[in-house]
Every structure is written in structure tokens, then in C-alpha cells.
Amino acid sequence: MNDSKPARRPKPLPEIGTTYAERSEMWRHHVLGARPPHIWTVTSHIDGRVAFNDHTKPTFSTYWIGRHLMRCHPDGSPTDPTYVERERTSLQEMEKQRAALPPLDQVINELIADKLRP
């Protein structure tokens, strides 16, 4: 009996002219205000893979694109209108949680004091 999984259906290739930016660069620029992201423009499809910015090598799979890149407008703004607000809210929540924690020095000193007690 063969227990192999069915083949994964390949994702469709993005249209030529579609623009992307790296997820981390988008986050840094739109949430933290760092430098604008580098824009990747789909220029061709080569053997079921995608080439960007008029390069023929290297080419990227749609799986890699989905993991590392985020669709954006040609000016670098995200296509998802709620992205910036959602990410800023998430960052503020993380900062609130971090602020609620006691300082690390205090925690370490308490742990050492507990271990040294007879």
C-alpha cells in the first residue's frame, strides 16, 4: 500500500509587471520609518519560475516568492490597506508586554538570591 501524499498543486505564476518587496524591508519602512524597500518587478517567466528586474538568473519559485516577498504597488506601498495599521498595533502590543516585565537584572538577582538561601 502506498501512503504517499498527493502532489501539491503548483501556484500560478504572477503576472508580468507585478511588483513585490521583501517582507522585512516593507515592515521596516512602513512600521519603523526606515529607508524605502527595493522593488522587485516580474519581468519574465522561465521554465515555470519567475525572473525579476530584467534578470534571467537567478529565477525564483512561486513558493519562495510567497515566503519572502510581499506584493506592493510600484511606489512601494503595500497592496493590503490594513497592513501598516495592523503591524503598528502588533508592535505596540509587544512593547506594552515588554514594558510590563520586570528588568532582567532584577529577575537574575532574585534567582541568585533564591539559590543562595540555605
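Above this note sits the structure.
Report on the accompanying structure.

Criteria and thresholds
- For every chain, the first residue of the written sequence is number 1, and numbering continues from 1 along that sequence.
- A pLDDT threshold of at least 70 governs which residues receive local features in this predicted model, and a stricter bar of 80 or more applies before side-chain atom pairs are shown or counted, although totals over entire chains, interfaces and linings include all residues.
- Values shown for side chains rest on all heavy atoms present in the structure; no hydrogens or waters enter the calculation.
- Strands are runs of DSSP state E lasting at least two residues, helices are runs of H or I lasting at least four, and both sets are numbered from the N terminus onward.
- Computation of the radius of gyration draws on C-alpha atoms alone. For the globule rule, the value is 2.2 Å times the number of residues to the power 0.38.
- The rule for pairing is simple: two strands pair if DSSP sees at least two bridges between them.

Re the overall build of the protein
- In terms of helices and strands, the protein carries four helices and four strands.
- Counting from the amino terminus, helix and strand elements in the protein follow one another as β-α-β-β-α-β-α-α.
- Over its C-alpha trace the protein gives a radius of gyration of 22 Å, far above what one expects of a compact globule, namely 13 Å for 118 residues.
- Referenced to the eigenvectors of the C-alpha coordinate spread, the extents of the protein come out at roughly 70 × 55 × 25 Å.

Remarks on the pairing of strand β2 (residues 39-46)
- Relative to β2, strand β1 (residues 19-22) runs antiparallel, the two sharing three bridges. When the sheet's bridge partners are listed, Ala-21 is paired in β2 with Ile-39.
- Linking β2 to strand β3 (residues 49-52), which pair antiparallel, is a turn of two residues; within it Asp-47 sits at a positive phi near 50 degrees.

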